[in-house]
Amino acid sequence: MSKRMGQAAVGLSVLLVAGCGGGGTSPSSQPSASSSPPALSVSSFDLSFAAMSKLTSTTAAGKGKVGVILPDTTSSTRYIDFDAPYIEKALKTAGYSAGDYKIDNAQGVDATELALAQADIAQGASVLIFDPIDSTVGAQVQAYAASHGVALISYDRATFTGTNTYYVSFDNVQVGKLIGAGFNACVKDWHVTAPKVFQLDGGQDTDPNAVSFAQGYNSKIWGTETTPLPAGTKSSTGYTLIGDKITPGWVNAVGATIFTQQFTAHPEINATVEANDGLANAVVTVLKNKGVGAKKIPTTGQDATIQGMTNILQGYQCGSVYKPIYLEAQDAVALATYLRAKQTPPATLVNSTTTPPKGVAGNKQPASLLTPVWVTSANLAKTVIKDKFIDAKALCATVSASVCTAAGITP
């Protein structure tokens, strides 16, 4: 999408911006309650994309284009490998022609993300779906969209400013709960005695989702949603917390440094909790360098990366939360299609709300929340491999054919 601002072109009415923030709608862009859209729900979507074909009449009733803005190409390859092609497939299956939408990437630059949103609005956008790089640009995009009567969908990361900023993602607290429950099971299965736990949280300094993740796993492990927790915290199951540290900006190298310092100072650490696969791998690398073998010190994660799946199959990571991106892409396009046609989205689709974590300014916003899955060696073949989220051949080349065979994976 061009960054150049120019005379508004006819027809760009929906902008999808993927990222950590979101926006809202002005009264002029609110959907009509009198319409009767097809009753899609968060459980309507699957890998066939068949549910999107039910939206063709709603697509025909709308006007203008859909603009999609993804956040970057460096924090995760997902935006290139999965989000962009899945969103395009969802749009096409819903009846959009090639000239009805544009998909762009902000390349990790706040100013670029805002400029892309402004350019799309200048060309006639009436709905934005965006994945904000951080909460700062999320609030900027929301304010600009609201001032121009443009509805806003925050994709994957929530934006809490505005009065009606739609949020499409997976249930982030539930993601954390899966991590916590998986960790508890792993402590038992790996026979960790008198667990001395260290937690490596995600980027709570910039990402509200990281707060929600921690609230989820803390509730399962420690019985509280407080984050971060003080050292010395004890659980009802006999765990002792050695430390709980935030990784600024989700930077894996920083996480590795934090854990190295903690493990050096506290060699009694024998169980760890990490907020994603990148941080888990940072810890696993440190542990391997210290001579710690498989199934000795648990690690956890999310995102179902190939590195995470490798660590799981090799016995260094308990599991990872899988969030099927094809569900998220369809959900976002469905919601955008209703808003573009000025139709009220079904309550079965906008099935929840999202609230700012403690200390984060903003308002409760409507949300469409999907269900994540905890992946271990037991169900890896039936989830990420079956969905072709992870390439079986590439994974098996990393862990060996015999390991794959034991997990029911055929390259």
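An account of the accompanying structure is given in this report. Here the structure is a predicted model, which means the values were calculated and not measured.

**Observations concerning the sheet that holds strand β10 (residues 301-302)**
Read from one edge of the open sheet, three strands run β10-β11-β14, paired in mixed fashion. At either margin of the open sheet sits one strand with a lone partner, and together these are β10 and β14 (373-375). Of the strand pairs in this sheet, β10 and strand β11 (residues 320-322) are connected by two bridges, and their pairing is parallel. Within β11, the residue paired with Gln302 across the bridge is Val321.

**Re the packing of aromatic side chains**
Tallying each qualifying case throughout the model produces 10 aromatic pairs. The interplanar angle of 25° and the centroid separation of 4.6 Å between the aromatic rings of Phe82 and Phe389 together place this pair among those described as stacked. One end of the pair, Phe82, is in helix α2 (residues 78-93); the other, Phe389, is in the loop between α11 (381-385) and α12 (392-399), with 307 residues separating them in the sequence. Comparing Phe82 with Phe389 shows no difference in burial state: the two are buried. A ring pair is formed by Tyr86 and Tyr326, whose centres lie 6.1 Å apart and whose planes are at 75°; its orientation type is edge-to-face.

**Comments concerning the nonpolar core**
Judged by nonpolar contacts, the single largest core of 60 residues is most densely connected at Met52, Ile153, Met309, Leu380, Val384, Leu395 and Ile409. Among the elements that make up this core, the one with the highest residue count is helix α10 (residues 325-340) (11 residues). One finds Val187, Trp190, Leu241 and Phe259 within the second-largest nonpolar core, a separate group that totals 38 residues.

**Structural notes on the side chain of Asp331**
Looking at the secondary structure, you find Asp331 in helix α10. Buried charge Asp331 goes without a salt bridge, the closest partner of opposite sign being Arg78 at 11 Å. Every residue in contact with Asp331, bar those within four places of it in the chain, is listed here: Val42, Phe45, Val168, Leu349, Ser368 and Leu370.

**Structural notes on the packing of helix α5 (residues 172-189) against helix α6 (residues 208-221)**
α6 packs onto α5 with a crossing angle of 40° between their chain directions and a minimal axis gap of 6 Å. One way to sum up the angle between α5 and α6 is to call them oblique. α5 and α6 meet at a crossing whose hand is right-handed. Contact residues: Asn172, Val173, Val175, Gly176, Lys177, Ile179, Gly180, Ala181, Phe183 and Asn184 in α5; Asn209, Ser212, Phe213, Gln215, Gly216, Tyr217, Ser219, Lys220 and Ile221 in α6. Within the contact of α5 with α6, the residues separate by chemical class into eight nonpolar, nine polar and two charged.

**Remarks on the state of the cysteines**
A complete count under the given rule lists two disulfides for this structure. Two residues share a disulfide in this structure: Cys186 and Cys318, whose sulfurs sit 2.1 Å from each other. Across the S-S bond of Cys186 and Cys318 the torsion is about -80°, and the bridge reads as left-handed. Here Cys318 lies in the loop between α9 (306-313) and β11 and Cys186 lies in helix α5, a separation of 132 residues in the sequence. Comparing Cys186 with Cys318 shows no difference in burial state: the two are buried. In this model, Cys396 is linked to Cys404 through a disulfide, with the two sulfur atoms separated by 2.0 Å.

Definitions and cut-offs
- Residues numbered from 1 in each chain as written.
- Predicted model: local features only at pLDDT ≥ 70, side-chain atom pairs only at ≥ 80, totals over all residues.
- Heavy atoms only, no water.
- Pairing = 2+ DSSP bridges.
- Helix = DSSP H or I, 4+ residues; strand = E, 2+ residues; numbered from the N terminus.
- Phe/Tyr/Trp six-rings, centres within 6.5 Å; stacked < 30°, edge-to-face > 60°.
- Buried < 20%, exposed > 50% of the residue type's maximum accessible area, 1.4 Å probe, protein only.
- Core = buried A, V, L, I, M, F, W, Y, C linked by side-chain atoms within 4.5 Å.
- Lys, Arg positive; Asp, Glu negative; His and termini not counted.
- Salt bridge = Lys/Arg side-chain N within 4 Å of Asp/Glu carboxyl O.
- Contact = heavy atoms within 4.5 Å.
- Axes fitted to C-alpha atoms, helices over the stretch in contact; angles between N-to-C directions.
- Parallel < 35°, antiparallel > 145°, perpendicular 65-115°, else oblique.
- Left-handed = near helix turned anticlockwise from the far one by under 90°.
- Nonpolar A, V, L, I, M, F, W, Y, C, P; charged D, E, K, R; others polar.
- Disulfide = S-S within 2.5 Å.

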